[in-house]
Amino acid sequence: MKKAKRLEWMTLGWMSTVVVVMYLTMGASQAMKTAFFEDMLGLIPAITFLVAAHLEPRIPTRKFPFGYFKANTLAFFASAVVLTFLGLYLVFTNGSGLMKAEHPTIGAVTFFGETFWLGWLMIAALAYSVIPPVILGRKKQPIAKRLRDKVLYTDSLMQKADWQTGLAGIAGIAGIGLGLWWADSLAALIIAVSIVLDGVSATRSASAELLDGYPRELEGSGLSKEAKKVEDRLQESWPDAKIRLRESGRYIVAAVDGVAIPKGISAHETLPDDVPSWRLRRVSYTPTGKEGL
């Protein structure tokens, strides 16, 4: 967790320099503007992760008797919704520009008495924007999988989208230089569509958590294999009970209905060997029969 926090602080610092460089060089290029917005968006998961990580360890209070474990879920949902709606906006604006056959122009710029094409500066800025996401994204993925942290994992996916965006933007700028007016808008549209797809997938998974849905996989919205193993083990121990599982942040919470509270049993004794002990946060037992649920 300490390493994850350190990486997110590095992300805020390093990606902020990328945002500044992109802003100073974007000019009239739609691909550059879209890449700039995506780099700005890339700061949101890092911020929400750090906020959630600060709240999660807090002790329960009277107003929040179950603690703040779902702060991670709320942060995940917020970043996913913002990602989706801004992606849709960018699809609309870039799609409109392509349909209207807008011809972007990239002029010249003078530095220290030397005049050259602004496109070269744009390409240099895009090339720089590729470096931080490649390094940070590769470092975050294994940590996110170990922590079962969807915010951190979504952040690593956005880093992947960031460096792909940089390459697409370079292609768009080069296309303008070669006289292909549509290359810039097409590159921007491809970037925007990738933003929407990431946002929709993340929103589906976050919504399931907020609705106390069955635990989902870290990668996508499929049902968690770890949770299924926990469910099978509980069902094996209590064959006549109804087993219900839900996700609370990075944790699994289980309810065993139709069983009196057992004595002298640890919740973690019900865990399969390949599921880490911290993953199962709580198991509750109620003697209510199935007909009373």
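If you're wondering where the values come from, they're calculated on a predicted model, not measured in any experiment.

Cut-off values and rules
- Residues numbered from 1 in each chain as written.
- Predicted model: local features only at pLDDT ≥ 70, side-chain atom pairs only at ≥ 80, totals over all residues.
- Heavy atoms only, no water.
- Pairing = 2+ DSSP bridges.
- Helix = DSSP H or I, 4+ residues; strand = E, 2+ residues; numbered from the N terminus.
- Axes fitted to C-alpha atoms, helices over the stretch in contact; angles between N-to-C directions.
- Parallel < 35°, antiparallel > 145°, perpendicular 65-115°, else oblique.
- Left-handed = near helix turned anticlockwise from the far one by under 90°.
- Contact = heavy atoms within 4.5 Å.
- Nonpolar A, V, L, I, M, F, W, Y, C, P; charged D, E, K, R; others polar.

Novice: Sorry if this is basic, but what is going on with the sheet that holds strand β3 (residues 242–248) here?
Specialist: Strand pairing in a sheet relies on backbone hydrogen bonds. The paired strands run either parallel or antiparallel. The 3 strands lie next to each other as β3-β4-β5, forming an open sheet whose pairing is mixed. What marks the edges here is a single partner per strand, and that holds for β3 and β5 (280–286). On average, each strand axis in the sheet is tilted by 15 degrees relative to the strand beside it, whichever way the strands run. Note that strand β4 (residues 251–257) and β5 share 6 bridges and pair parallel. Bridged to Asp 257 within β5 is Thr 286.

Novice: It is not clear to me how unusual backbone geometry should be interpreted in this structure. Could you clarify?
Specialist: Peptide bonds are, in most cases, trans, and in most cases residues other than glycine have a negative phi. In the Ramachandran plot, Arg 148 falls in the positive-phi region, its phi being about 55 degrees despite a non-glycine side chain. For Arg 148, the position within the fold is in the loop between α5 (118–147) and α6 (150–177).

Novice: It is not clear to me how the packing of helix α1 (residues 2–25) against helix α3 (residues 43–55) should be interpreted in this structure. Could you clarify?
Specialist: Axes are the key here: two packed helices are described by the angle between their axes and the distance separating the axes. One way to put it is that α1 packs onto α3 with a least axis distance of 9 Å and a crossing angle of 150 degrees. With respect to each other, α1 and α3 are oriented roughly antiparallel. When you trace α1 past α3, the crossing you get is left-handed. Residue-level contacts link Ala 4, Lys 5, Glu 8, Trp 9, Thr 11, Leu 12, Met 15, Ser 16 and Val 19 of α1 to Leu 43, Pro 45, Ala 46, Ile 47, Phe 49, Leu 50 and Ala 53 of α3. Residue composition of the contact of α1 with α3, by class: 12 nonpolar, 2 polar and 2 charged.

Novice: Mind showing me how you'd approach the packing of α3 against α6 here?
Specialist: Between α3 and α6, the shortest axis-to-axis distance is 9 Å and the interhelical angle comes to 165 degrees. Taken together, α3 and α6 sit at an angle that is classed as roughly antiparallel. Helix-helix and strand crossings are classified by hand; for α3 and α6 the assignment is left-handed. Here Pro 45, Ala 46, Thr 48 and Phe 49 of α3 lie close against α6, whose contacting residues are Val 151, Leu 152, Asp 155 and Met 158.

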